Each structure stands twice: as structure tokens, then as C-alpha cells.
Amino acid sequence: MADEIALLSTWPSMFGMRVRVALAEKGLKYEYREEDLRNKSPLLLLMNPVHKKIPVLIHNGKPISESMIIVEYIDEVWNHKSPLLPTDPFQRAQARFWADYVDKKLYDIGKKIIWSTKEEEQETGKKEFLECLKLLEGELGDNPYFGGQNFGFVDVSLVTFSCWFHTFESYGNFSIETECPKLVAWTKRCLEKESVSSSLADPHKIHDFASGVRKRFAIE
Amino acid sequence: MGEEVKLFRSWSSPFALRIVWALKIKGIEYETVFEDLSNKSPLLLQYNPVHKKVPILVHNGRPIAESFVILEYIDETWKQVPLLPEDPYERAKARFWAKFGDDKVLTSVWNVFIKQGKEQEEALVAAMENLKFLEEEIKGKKFFGGERIGYVDLVLGLLANLISICEEIIGLKIVDEEKLPLLYSWMQDFAEAPIIRDNWPPRDKMIVKFQALLDAAIASSSSSSSSK
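Residues numbered from 1 in each chain as written. Chains lettered and ligands numbered in written order. Predicted model: local features only at pLDDT ≥ 70, side-chain atom pairs only at ≥ 80, totals over all residues. Heavy atoms only, no water.

**Side note on the overall build of chain A**
1) Next: For chain A, the count of helices and strands is eleven helices and four strands.
2) Next: Relative to its length of 220 residues, chain A is compact, with a C-alpha radius of gyration of 17 Å against a globular reference of 17 Å.
3) Next: In chain A, buried positions account for 52% of the 220 residues.
4) Next: Of all intrachain contacts in chain A linking residues separated by at least 6 positions in sequence, the fraction that spans at least 24 positions is 68%.
5) Next: Here chain A has roughly 10,300 Å² of accessible surface; of this, 50% comes from carbon and sulfur atoms.
6) Next: Charge-centre separation for chain A: the mean point of 29 positive side chains lies 3 Å from the mean point of 33 negative side chains. (Helix = DSSP H or I, 4+ residues; strand = E, 2+ residues; numbered from the N terminus. Rg over C-alpha atoms; globule rule 2.2 N^0.38 Å. Buried < 20%, exposed > 50% of the residue type's maximum accessible area, 1.4 Å probe, protein only. Contact = heavy atoms within 4.5 Å. Areas by Shrake-Rupley, 256 points an atom, 1.4 Å probe, with all protein chains shown as cover. Lys, Arg positive; Asp, Glu negative; His and termini not counted. Charge placed at Lys NZ, Arg CZ, Asp CG, Glu CD.)

**Notes on the pairing of strand E4 (residues 62-65) of chain B**
In regular strands, side chains alternate between the two faces of the sheet.
All names here are of chain B.
1) Next: By the bridge criterion, four bridges tie strand E3 (residues 56-59) to E4 in an arrangement that is antiparallel. Counted as the bridge partner of Leu57 is Ile64 from E4.
2) Next: In textbook terms, the turn of a hairpin is the stretch between consecutive antiparallel strands, and for E3 and E4 this stretch comprises two residues, one of which, Asn60, has a positive phi near 50°. (Pairing = 2+ DSSP bridges.)

**Observations concerning the packing of aromatic side chains**
Each aromatic ring pair is specified by the distance between its two centres and by the angle formed by the two planes.
1) Next: In total, this model carries 29 aromatic pairs over all chains according to the counting rule given.
2) Next: Geometrically, the ring pair formed by A:Tyr145 and A:Phe151 is edge-to-face, given 5.9 Å between the ring centres and 90° between the ring planes.
3) Next: Overall, A:Tyr145 belongs to the buried group, its relative accessible area being 13%.
4) Next: On the numbers, 5.1 Å between centres and 80° between planes, the contact of B:Trp21 with B:Phe190 is edge-to-face. Of the two residues, B:Trp21 sits in helix H1 (residues 14-25) while B:Phe190 sits in helix H8 (residues 181-192), which places them 169 residues apart along the sequence. Across the pair, exposure class does not vary: B:Trp21 and B:Phe190 are buried alike.
5) Next: Three or more aromatic residues link up through ring pairs in this structure, and these residues are A:Trp11, A:Phe129, A:Trp164, A:Phe165, A:Phe168, A:Phe174 and A:Phe209.
6) Next: The ring of A:Tyr32 carries A:Arg20 above its face, with NZ or CZ at 4.4 Å from the centroid. (Phe/Tyr/Trp six-rings, centres within 6.5 Å; stacked < 30°, edge-to-face > 60°. Lys NZ or Arg CZ within 6 Å of the ring centre and 35° of its normal.)

**What to know about unusual backbone geometry**
1) Next: Residue A:Pro55 follows A:Ile54 across a cis peptide bond; omega there is 0°.
2) Next: Here A:Pro55 is to be found in the loop between helix H2 (42-47) and strand E3 (56-59).
3) Next: Here the residue pair B:Val54 and B:Pro55 is connected by a cis peptide bond, since its omega of 5° sits within 30 degrees of zero.
4) Next: Secondary-structure assignment places B:Pro55 in the loop between helix H2 (42-47) and E3.
5) Next: The residue A:Asn60 is not glycine, and still its phi comes out positive at about 50°.
6) Next: Inspection of the secondary structure assignment puts A:Asn60 in the loop between E3 and strand E4 (62-65).
7) Next: Judged by its relative accessible area of 35%, A:Asn60 is partly exposed.
8) Next: A positive phi angle, close to 50°, is found at B:Asn60, a residue other than glycine.
9) Next: Within the secondary structure, B:Asn60 sits in the loop between E3 and E4.
10) Next: For B:Asn60, a relative accessible area of 34% puts it in the partly exposed group.

**Considerations on the pattern of salt bridges**
Residue and element names in this part refer to chain B.
1) Next: Following the criterion strictly, the structure yields 32 salt bridges over all chains and no others.
2) Next: The partner of Asp75 in a salt bridge is Lys26, and the shortest N-O contact between them spans 2.7 Å. Taken together, the positions of Asp75 in helix H3 (residues 67-77) and Lys26 in the loop between H1 and strand E2 (31-34) put the pair 49 residues apart, joining distant regions of the chain. Each member of the pair, Asp75 together with Lys26, is buried.
3) Next: Between Lys139 and Glu136 there is a salt bridge, with its nearest N and O atoms 3.3 Å apart. (Salt bridge = Lys/Arg side-chain N within 4 Å of Asp/Glu carboxyl O.)

**Points about helix H11 (residues 203-216) of chain A**
Residues and elements named next belong to chain A.
1) Next: In a regular helix each residue adds 1.5 Å, so 14 residues correspond to 20 Å; H11 covers 20 Å between its end C-alpha atoms and thus fits that length.
2) Next: Packed against the buried residues of H11 are helix H1 (14-25), helix H4 (89-115) and helix H7 (165-172).
3) Next: You can read the cap of H11 off the contacts: a side-chain oxygen lies 2.8 Å from the backbone nitrogen of His204, and it is on Asp202. (Expected span 1.5 Å × (residues − 1). Polar contact = N/O pair within 3.5 Å; in protein donor to acceptor, adjacent residues only side chain to side chain.)

**Remarks on the packing of helix H4 (residues 88-114) of chain B against helix H7 (residues 158-170) of chain B**
For any two helices packed against each other, the geometry is given by the interaxial angle and the distance between the axes.
Residues and elements named next belong to chain B.
1) Next: Viewed as axis vectors pointing N to C, H4 and H7 meet at an angle of 15°, and their least axial separation amounts to 10 Å. By the angle between their directions, the pair H4 and H7 is classed as roughly parallel. Both H4 and H7 take part in a crossing whose hand is left-handed. Note on element contacts: H7 touches H4 through Leu158, Leu159, Ile163, Cys166, Ile169 and Ile170, opposite Val105, Leu106, Val109, Val112 and Phe113.
2) Next: Grouping the amino acids of the contact of H4 with H7 by side-chain chemistry returns eleven nonpolar, no polar and no charged. (Axes fitted to C-alpha atoms, helices over the stretch in contact; angles between N-to-C directions. Parallel < 35°, antiparallel > 145°, perpendicular 65-115°, else oblique. Left-handed = near helix turned anticlockwise from the far one by under 90°. Nonpolar A, V, L, I, M, F, W, Y, C, P; charged D, E, K, R; others polar.)

**Some words on a positive patch on the surface**
1) Next: On the surface, A:Lys40, A:Lys52, A:Lys53 and B:Lys104 cluster together to form a positively charged patch.
2) Next: Mapped onto the secondary structure, A:Lys53 falls in the loop between H2 and E3.
3) Next: You can call A:Lys53 partly exposed: its relative accessible area is 48%. (Patch = residues over 30% accessible without salt bridge, like charges linked within 9 Å, V, L, I, M, F, W, Y side chains within 5 Å.)

**Here we look at the sheet that holds E4(B)**
All names here are of chain B.
1) Next: The mixed open sheet is built from four strands, whose spatial order is E2-E1-E3-E4. Sheet topology places E2 and E4 at the edges, where each strand pairs with a single neighbour. The mean inter-strand angle of the sheet, taken between neighbouring strand axes irrespective of direction, is 20°.
2) Next: In terms of strand pairing, strand E1 (residues 5-9) meets E3 through four bridges, oriented antiparallel. Paired with Phe8 across the two strands is Ile56, which belongs to E3.

**Structural notes on the interface of chain B and chain A**
A common way to state how big an interface is: give the accessible area lost once the parts meet.
1) Next: Contact with chain B, which involves 24 residues of that partner, is made by 28 residues of chain A.
2) Next: Taken over both partners, the interface formed by chain B and chain A buries close to 2,300 Å², and the fraction arising from carbon and sulfur atoms is 69%.
3) Next: On the surface where chain B and chain A come into contact, there are eight salt bridges.
4) Next: Of the charged contacts in the structure, one is a salt bridge between B:Glu66 and A:Lys104, with a shortest N-O distance of 2.8 Å.
5) Next: One can count nine residue pairs in polar contact (both at pLDDT 80 or more) joining chain B with chain A.
6) Next: For the side of chain B that touches chain A, the elements supplying multiple residues, two or more each, are E4, H3 and H4 of chain B.
7) Next: Looking at side-chain class alone, the side of chain B that touches chain A contains 13 nonpolar, three polar and eight charged residues. (Buried area = accessible area lost by both parts, 1.4 Å probe.)

The values reported here are purely geometric and, on their own, carry no functional implication.
Rendered as C-alpha cells:
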């Protein structure tokens, strides 16, 4: 029996993109459903009653929520190709730690840069954001990927933020490439992979989207 | 070859308790290193430079930080008495509830604890919404892990202790036996389970500590809302 896979997401969501990258890495076919978060579908509310958020993966009718939990599920079920987590428990722990770091820090800090109306908060956001990226750059070291020689779990968790970089730079008035050249080189390396380039949104469209949201909330 | 397992913790850290329970449930021998979090040791800062927090598990000299990450590491390294289910979908559900516990439940219970008046009433409504999801999830099971304690129980388990401490201090019921009978029952069963029961931090010290945290929270909120 063929697997039935559906993904509920929104096109600008860096969290939804993580799931798309993982599905593409595994060569999986799935139905994509774009959600309107101002008018959530009955399916979304049914499949994620606790948070009512995207992304939600629906596999043979069963829902899984929270992007990195979904990525780990995909890795465990379709373990025949492109493993995202290593096999060694200590290395797996390292991968989980850094994916958790990306989750804990980048999104909330990044929000300050784009959505804040206070200059001080924005400046703090910028500073913290760069500190995080530099720490991650240190962790990458001389490896091509966070997963070492192969694209892995941490790469998935972080790479989807890269299509938002242009938006952060524009509103924060700074250059991520100048501050973190190794990290930007890593994003370009990842984009050479079909699974990544086909899953990430266009940075300029993201910028237009953010601009639209800011207007709606009268930030600009 | 001898295994060297060390756990860096503080006397009260509820997140470190998760690791104590996991190690004991699996019968793993370990050494405890107590940290004074107001005066962190160089070793702690060396082992967890990113967050500078406890718990940290050090296994044969290699450190692992963040309680969820440590729990999964323990489960993968020592396979007896598994904490997570085998089925990938059940594992995903367990991870989901653990994250929900930390991100939502804990935060909402804390808000009930530190807020006053109308804000506290609203916080209680929000907390009840979250707790009701847990009430629904435990239906038909003794523990979240099923017949025996599992990963979700270990993560949520701190509620079994902290909630009663908070309730005693503020004189307000958060998990009412009538409104959340299954969750209430789980809290009793979990708190009384062997290993769990033997490892709670001293209650009188916890009351003192949490009263101090409440006083500090009230002081900081009234100073920020008063005009200068």
C-alpha cells in the first residue's frame, strides 16, 4: 500500500520549509496544502487542536506536529536513504542540542529585528542574532555541513532561515555575509542541493511578504 | 571497561530531576556533582558554555546538555527499561507532549503562581486549557507511558511536585481533583512511585525557595509598573 503523505504549511514559514527539505531528502511524494493562518482550515484545527499551527505532517491519516519532531519522524520512518541523524548516540545528542539551540534562539531574536517598532530592541536583536550565527559558525568549523561530510539534522533546522536573511539584513541594516562569511558559504553550499533549493522560498518574495505584514500592523 | 557517568545538577533543579529519575529507573550508576548556580564552577562553564545551565550529563568525559537531549541519549545508550516507545509515530507523540509540557504547561502554571488579581484569574483559565489537553491524553492510561513510567512522565513529572508547592504558597488550587480527576490521579501515582518518591528535594526548602521567587516576581512587577 502506498504511503499517503500530506503537509499543511504556509509558503513563508521557515518551519514548514524544514519539513519540505526532509521530505525531499527522502525522495517522498506528498500533497502540499497551503494554509491561510487568518482563516485556518477545519483540517488544520482537527490535526493540530493543541497549537492550531503549521507545519503539520499527515501520514496515512495520522498527524505529527512541531517541525523538528516531524523531521525526526521522517528520518526514523524512511530510514532507507539520506539519514539526517547520525547513528552514534553522542553525535545524535550533539545534533539535537544544536537544532534545539536554533529553535530556542533564532526565531525569537529574528522577530525583534523585523517586527519591532523600538530601535533599541531592534539593535539588541541584531546583536544577539549575529552572536548566535557566529556561535553556529564556530560549531560548523571546517566541515562542509553541520552533519559533517553529509547534510544532516542541524543543517535542516538552520538552512530554512537563510531565505529570511535578506529580510533580516534589510530591516536591520546589516550584512550577514560580512559578519558570518563561512555561514553564508554554507547556505550557498546547501542551496546546491535540489532538496534545499526546491523547498526554500525566494528571499525577495519573503521580503515582500514581511513588508506586507509590517504595513498591516502599521509598523512602517 | 568502567563507565564514568556524572550528573551536574543543583539541589532543586526540576530539569535535573528528570535525569536523576531516568538514571535510577535504568539502574545506571553515577556520581552527582552539585552546583551552586549563583557561583557556577569552571567545570560547568566548560561543559555547557552555550547555556551555562544544569543539568549536564558527562559520560566518559563527554558532556551532554539540555534535559530532553540527555534523556534521549540515556535511552539510546542504555537500552534496558526503555523510556520512549519503539513505534516512530508513538515516539513523535511522546516528543510532542514533552515539548508541550515545557513550552506551555509549565509557563502557564508559573503565570498563575506569580500573578495577582484579575491577571491571575486569566492565567488560571489559560493554564486550565493546557492542563485539559493533558487530562485528555492520559485517559485510559495509568501513566503517560502506559502501564509504566516513560519519557513523557519524566518530563511532566516535575508538575507533580511543583504544583502542590505553588498551590500551598498562593492558597489556590491549580489541579483540582474534581475538574482534572485523571491528571490529579496521575500526579499522586507518579509522586508515590518508587524511585520518584525517594528523590524529591526537601519540601520545606522548596517552599522557602518558591516563596522567595514569588516575592521577587511581585517586587519586580510592582517596581516596573509604578511611576517614578
